[in-house]
Amino acid sequence: MYIFVFSSSSSLSSLCSAAIQVEITPAQGEISVGESKFFLCEVVGDVKDIDWYAPSGEKILHTRPNISVSRSDETTSILTIYHANVDNAGIYKCVAKDGDKEAQATVKVKIFQKITFQRAPSPQEFNEGDIADIVCDVVSSPPPTIIWKHKGSLIQATKDVRYKIMENGHLQIRGIKKIDEGMYVCEARVMARGEIDFRTMKVIINVLPTIRARKSEVNATADISKSALLACDADGFPEPTVTWAHNNVVLETGDKYSLNEDGSELLIKDVKKVDEGDYTCIAKNKAGRKTEEVSLNVFMIPNITYFNNKTASEFDEEVTLTCEASGDPTPTISWRFGNRVFTEGEQASWTRPDKYENADRNVVVLSHARVSSLTLKVVQFTDAGRYLCTASNSIGEDIQPVYLEIHYAPKIMGVVAVYTWEGNPANISCEVVAHPGASVTWFRDGIQLPSGNTSNVKIYSTPTNSYLEITPESQNDFGSYNCTATNMLGSESKEFILIQAEVPSSPEIQQVVPFSSTAVVEFEEPYSKGGVPIIRYKVEWRLLGKEWNSKEYNAEDGMTRITITGLKPETTYEVKMFAINGKGEGESSLASTFKTKPVQYSLTIASVTPPAIATTSMTSREPNAPKLEITAVKGGNTFKVKWIKQDDGGSPIKHYLLRYKAKHVSDWKPELRLPPASEYAMLRGLDWNTDYEIHVVAENQQGKSEPSVTFFRTAVEPTTIPDTREGGSGLGTGAIVGILVVVFFVLLVAVDVACFFLNKCGLLMCIAVTFCGKAGPGAKNKDIEEGKTAFTKDESKEPIVEVRTEEEHTPNQEGGGPTEPTETTPLTDPEPAAANTPHMVVNLNPSAAANSVSESFSTPQNNPAPNPTNGAPAKSSPKNSTASSLKADPEPGVGPLVDLSDTPRVALSSNPTPPVLDPSADRSQSRSGRAPDCSQSKELQVDGPAKDAPHAPSSDSTASAQNDGKTVKDDNTKGETEAKNATAEVKAVPNEAPQVNGNESKA
């Protein structure tokens, strides 16, 4: 760089000092490189020539490229320097001449370089981690001082070793980072002139891509029309582009491959075995390129590619079945025949956990690579059939049947001895297995059957059986019969014997376990069944010296116990048993005597006012657990849970509690409360192939029994076979619509009838009131109390919890004898006779039990003492009530039950009969005014069946019972009549506990 300074001076010739004067304006000049400037030379006096001379002394002519001289008039001349450069610096001289006269002046021209940025590009890009050289080329004269700034802060190379300002003014950053990105300022200063200038540059840091495969290995299965997804995630700056390559070939979207928008996911369609291998995920940006390998493992489901069926004859030396399969991983091949599984190295094994090996080592399985063979060393007719070749690996399995056909002579099987009796048809079964099929012939004493003199013999045949039906008419028809089967390979005969059946021998009573009201008879089966199965057992029992009571029980497998119910406490009985088969009833067993246990009481005396009156409380115990029997019902996932009532502990059973669950879960289904008269429950819609645990508990007023626990397993879900029969239902559209209309009309009628009986409203109710002049019957409460029907329905898709009754009477119950004294019945009403108690059957569904609130059933209980606000109760002396109770009980074995409470009670009757309501009350009511309308009819209700009210033996007790049993209110303003029965009412209220209300009954 150079700086040039112009200076001028003027002098006059000593000879012509007075005549000519020369002056240059400006007197000195400084020009920046590239700038232009002119100088004016003025002459005082008359001159002829004015010339300019360069610093080299050479006269400046007009031909110079960037310097020109011009004369504007006689006394001035202009020197112009265009776009000055360093070569134009120096002393320039202006000379004026006029003849011998001459004058001159000089000017010193200085040329300098101002701050100039020759190269400062923006943006400047670098890769992360590189040694960055940020370019800033600046010139000036004198050379400038360079400083750098980043984000407004001065960069001090002395404090950060990563920074260095180079001699050429560049900024060097070693190991540049992403945080070094941003705006940089290159500032140049010339202190001598106070000159300053700067340039701003953007620095961008590019980051090399990073790449990560979501899964380094991807497994796929070939030939099942499935796709495989390979994915990798890339990061960097700028955002990298992702591509995929396989076998050095870049993959693009097409029929086989599909890429998402950013290329990070590669979808391989319809995976084949050839698609297996390594795939390269490539991420690339300005900073560079990174790759990642993803392996695709393609597996193949086993496929049996070859198998052969064989035909052999019985007792051939050997036969071999072969099966070949492909797959990846290499499949293992096993053989199955029936329940037996054969694998290599085993002669014959059963499915785990049991293991069976054929004693004669007849089966040999050999496998090599993908081929397996099964060899039978000695062929037997039982080896014929379907063998399953199973090829399996970790991906799946393939099964193919291989058939072995064996030709063999007939084999006859079947039960040799058949029992029957005269007049009873019997079938002798001759089961024949043969291949090819055999013809069967029956003989008797060498004569082929049927013959002309054997009208009582018939023959029925099926492909595998021949049945000889014989109806014995005399002893001559019993004896030996011959069955002969023949085919092309041979024949076989077998003798069958028809034997006269006998009645069974007597069962042997082992012991009788008595309770207060029941007894369990434990017995052994008869040693002789007479040749035919026992179908029933007959049990007879009686009080000593009285008539025998009897009941028959259906025989079941392993049956060794029978429970007798309806017995009296502390009473001696004798019992005997009979066995019954198809021939008839066998002999009686020896009679066994037992005595029932007493009802357990505890007496508590509590002093009250007045002191002469005391309260007697009798407490019994908890009942014994019921006995459970589980029976599978047709379908496989429906089971019948039957319970047999045991000793009730001296107090009536209030209800049974049932709960169940699958064994593999911890949560129980909601507990179900079942009425005391119920005998079994149907569990429907259970899970297939699942073990279940079930608990049943009996509960009386004293508490709950120990749970009866049992387990069962549902069947394996059957395979549904679609109906392939041709044709439709045969019903046209019109017929279907007609059926729907009829069903809808029937439902409307049913709803109206239900409203009539349940809520005393609806069309039928209005008709009854209008034409009959009286309210509908209160039969709903009666039906519920008698257990006729009750339903709990879940509105979900689950089945219904159904409760229904089956009327059953026992001989001793029909006798109408006195009922068993309990904690409650002697003090109030006598317990209803067993004959009046319906046997309830409960159909339960697991989902219904889980999703609906089970319906509560209440048995008849004692009403509490009448409310004093409803009128004073009829007075009855406790002493008289006690005397009546003692007098009415004909059994000496039952101790007197004393009621010392001040609450009026109804006297105990040994023969309870329905009370007769006073008809005058009804007649007076009908005469008191007009018939009530539909709304008023709801106010006249009778809660509880009248037949359960006791009939007192005396007039006093009868009056007391009637007064306690109903209360008549006469309201002239409303005309209402309300009757309340003393017995407890039974109400089924969904989602609520049973309620007692004198005015209404809700369902």
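Thresholds, definitions, all that
- Residues numbered from 1 in each chain as written.
- Predicted model: local features only at pLDDT ≥ 70, side-chain atom pairs only at ≥ 80, totals over all residues.
- Heavy atoms only, no water.
- UniProt positions renumbered as here; feature names shortened; annotations may be inferred.
- Helix = DSSP H or I, 4+ residues; strand = E, 2+ residues; numbered from the N terminus.
- Buried < 20%, exposed > 50% of the residue type's maximum accessible area, 1.4 Å probe, protein only.
- Contact = heavy atoms within 4.5 Å.
- Areas by Shrake-Rupley, 256 points an atom, 1.4 Å probe, with all protein chains shown as cover.
- Pairing = 2+ DSSP bridges.
- Axes fitted to C-alpha atoms, helices over the stretch in contact; angles between N-to-C directions.
- Core = buried A, V, L, I, M, F, W, Y, C linked by side-chain atoms within 4.5 Å.
- Polar contact = N/O pair within 3.5 Å; in protein donor to acceptor, adjacent residues only side chain to side chain.
- Disulfide = S-S within 2.5 Å.
- Phe/Tyr/Trp six-rings, centres within 6.5 Å; stacked < 30°, edge-to-face > 60°.
- Lys NZ or Arg CZ within 6 Å of the ring centre and 35° of its normal.
- Patch = residues over 30% accessible without salt bridge, like charges linked within 9 Å, V, L, I, M, F, W, Y side chains within 5 Å.
- Salt bridge = Lys/Arg side-chain N within 4 Å of Asp/Glu carboxyl O.
- Lys, Arg positive; Asp, Glu negative; His and termini not counted.
- Charge placed at Lys NZ, Arg CZ, Asp CG, Glu CD.
- Expected span 1.5 Å × (residues − 1).
- pLDDT = per-residue confidence, 0-100.

- The name an unreviewed UniProt entry gives the protein chain is Neural cell adhesion molecule 1a, with Nothobranchius furzeri as the organism.
- The Subcellular location (unreviewed entry) field of the UniProt record for the protein chain holds the comment "Cell membrane".

## Things to note about the overall build of the protein chain
- Scanning the protein chain from terminus to terminus reveals eight helices and 66 strands.
- The buried share among the 1003 residues of the protein chain stands at 39%.
- For the protein chain, the share of sequence-separated contacts (at least 6 apart) that also reach a separation of at least 24 residues comes to 64%.
- Total accessible area on the protein chain is roughly 54,300 Å²; 52% of this is exposed by carbon and sulfur atoms.

## Section: the UniProt feature "transmembrane region" (unreviewed entry) in the protein chain
- The UniProt feature table records "transmembrane region" (unreviewed entry) at residues 735–758.
- A helix fraction of 100% and a strand fraction of 0% characterise residues 735–758, whose end C-alpha atoms lie 34 Å from each other.

## Remarks on the environment of Val44
- Its place among the elements puts Val44 in strand 4 (residues 37–44).
- Note: C-alpha distance between Val44 and Ala19 (25 residues apart in sequence) is 7.9 Å.
- In this view, Val44 contacts Ala19, Ile20 and Gln21; residues no more than four positions away in its chain are not counted.

## Topic: the sheet that holds strand 44 (residues 490–500)
- Reading across the sheet, the five strands line up as 37-44-43-39-40 and stay open at both edges, with mixed pairing between neighbours. Strands at the two margins of the open sheet, each flanked by one partner only, are strand 37 (417–420) and strand 40 (447–449). Each neighbouring strand pair of the sheet contributes to a mean axis angle of 35°, computed without reference to strand direction.
- Relative to strand 43 (residues 479–487), strand 39 (residues 439–444) is paired through five bridges, and the arrangement is antiparallel. Residue Val440 lies in a different strand from strand 43, and its bridge partner there is Ala485.

## A word on the nonpolar core
- In terms of nonpolar packing, the biggest core is built from 26 residues, with Val22, Trp52 and Tyr92 touching the most fellow members.
- Those elements giving two or more residues to this core turn out to be strand 2 (21–25), strand 4, strand 5 (49–53), strand 6 (67–70), strand 7 (76–81), strand 8 (90–98) and strand 9 (101–112).
- Among the elements that take part in this core, strand 9 stands out by supplying five residues, more than any other.
- Among the nonpolar cores identified, the runner-up in size contains 23 residues, and Ala312, Val319, Phe337 and Leu376 belong to it.

## Description of the environment of Ser122
- Relative to the elements of secondary structure, Ser122 occurs in the loop between strand 10 (116–119) and strand 11 (124–127).
- Separated by 13 residues in the primary sequence, Ser122 and Val135 place their C-alpha atoms 9.4 Å from one another.
- A polar contact is formed between the side chain of Ser122 and the backbone nitrogen of Lys202, at a distance of 2.8 Å.

## Some words on the sheet that holds strand 48 (residues 549–554)
- On the basis of which strands lie adjacent, the open sheet formed by four strands has the order 48-47-50-51 and antiparallel pairing. Bordering the open sheet on either side are strand 48 and strand 51 (592–595), each of which pairs with just one other strand. Neighbour to neighbour, the strand axes of the sheet diverge by 30° on average, direction disregarded.
- Summarising the sheet, strand 47 (residues 534–543) and strand 48 pair through six bridges and their orientation is antiparallel. Its bridge partner lying in strand 48, Tyr537 is registered against Tyr553.

## With respect to the state of the cysteines
- Summed over all chains, the structure comprises five disulfides.
- Across the disulfide from Cys136 sits Cys186; the S-S distance is 1.9 Å. Here the disulfide of Cys136 and Cys186 is left-handed, its torsion about the S-S bond being about -85°. Of this pair, Cys136 sits in the loop between strand 12 (132–134) and strand 13 (137–139) while Cys186 is found in strand 18 (residues 182–190), placing the two residues 50 residues apart along the sequence.
- Assessed through its relative accessible area of 0%, Cys136 is described here as buried.

## Structural notes on unusual backbone geometry
- The amide bond that connects Ser141 to the next residue, Pro142, takes the cis arrangement and shows omega of -5°.
- Relative to the helices and strands, Pro142 resides in the loop between strand 13 and strand 14 (145–150).
- The residue after His435, namely Pro436, is reached through a cis peptide bond having omega 0°.
- By the secondary structure assignment, Pro436 is in the loop between strand 38 (426–435) and strand 39.
- The backbone of His83 sits at a positive phi, close to 45°, despite the residue not being glycine.
- Look at Glu570: it is not a glycine, yet its phi comes out positive at around 50°.
- With respect to the element layout, Glu570 can be found in the loop between strand 49 (561–564) and strand 50 (572–581).
- What makes Glu570 partly exposed here is its relative accessible area of 38%.

## Details of the packing of aromatic side chains
- Inspection of every chain in the model, using the stated rule, returns nine aromatic pairs.
- Here the aromatic rings of Phe639 and Phe712 are separated by 4.5 Å at their centres, their planes lie at 35°, and the arrangement is tilted. Here the residue Phe639 occupies a position in strand 55 (residues 638–644), and Phe712 occupies one in strand 61 (residues 708–713), the gap between them amounting to 73 residues.
- According to the relative accessible area criterion, Phe639 is buried, its value standing at 6%.
- Taking the relative accessible area as the measure of exposure, Phe712 reaches 8% and is therefore buried.
- Here the aromatic rings of Tyr692 and Phe712 are separated by 5.6 Å at their centres, their planes lie at 15°, and the arrangement is stacked. Taken as a pair, Tyr692 in strand 59 (residues 691–700) and Phe712 in strand 61 lie far apart in primary sequence, 20 residues in all.
- A cation over a ring is seen here: Arg162 above Tyr163, with NZ or CZ 5.3 Å from the ring centre.
- Positioned above the aromatic ring of Phe578 is the side chain of Lys538, whose terminal nitrogen or guanidinium carbon lies 5.5 Å from the ring centre.

## Thoughts on a negative patch on the surface
- Among the surface-exposed residues, Asp235, Glu239, Glu261 and Asp262 lie close enough to one another that they form a single negatively charged patch.
- Asp235 gets classed as partly exposed once you look at its relative accessible area, which sits at 48%.

## Overview of the pairing of strand 56 (residues 655–662)
- Burial within strand 56 is extensive, with seven of its eight residues counted as buried.
- Pairing analysis gives three bridges linking strand 56 to strand 57 (residues 672–674), with the strands arranged antiparallel. Across the sheet, the residue bridging to Tyr656 is Leu674, located in strand 57.

## With respect to the pairing of strand 27 (residues 288–307)
- One ladder, built from six bridges, connects strand 20 (residues 217–222) with strand 27; its direction is parallel. Note that in strand 27 the partner of Ala220 across the bridge is Val298.
- Taken together, strand 26 (residues 277–285) and the strand that follows it, strand 27, pair antiparallel across an intervening segment of two residues.
- Relative to strand 29 (residues 319–328), strand 27 runs antiparallel, the two being bridged by five bridges. In the strand pairing of strand 29, Met300 is matched with Asp328.

## Notes on helix 1 (residues 733–758)
- Between its first and last C-alpha, helix 1 extends 37 Å over 26 residues, near the 38 Å set by a 1.5 Å rise per residue.
- Downstream of helix 1 by one or two residues, Lys760 has phi in the positive range, about 55°.

## Digging into the confidence of the model for the protein chain
- When pLDDT is averaged along the protein chain, the result is 74; 70% of the residues meet or exceed 70.
- This model gives residues 602–618 a pLDDT under 50, and the stretch forms 26 contacts once residues within four places in sequence are excluded.
- Low pLDDT, under 50, characterises residues 721–730; the stretch is placed with zero contacts to residues that sit more than four places away or in other chains.

## Considerations on the pattern of salt bridges
- All told, the structure shown has 29 salt bridges when counted by the stated rule.
- Notably, a salt bridge pairs Asp137 with Arg119, separated by 3.2 Å at the nearest N-O pair. In this pair, Asp137 is assigned in strand 13 and Arg119 in strand 10, connecting sequence segments 18 residues apart.
- Take Asp137: its relative accessible area is 18%, and that puts it in the buried class.

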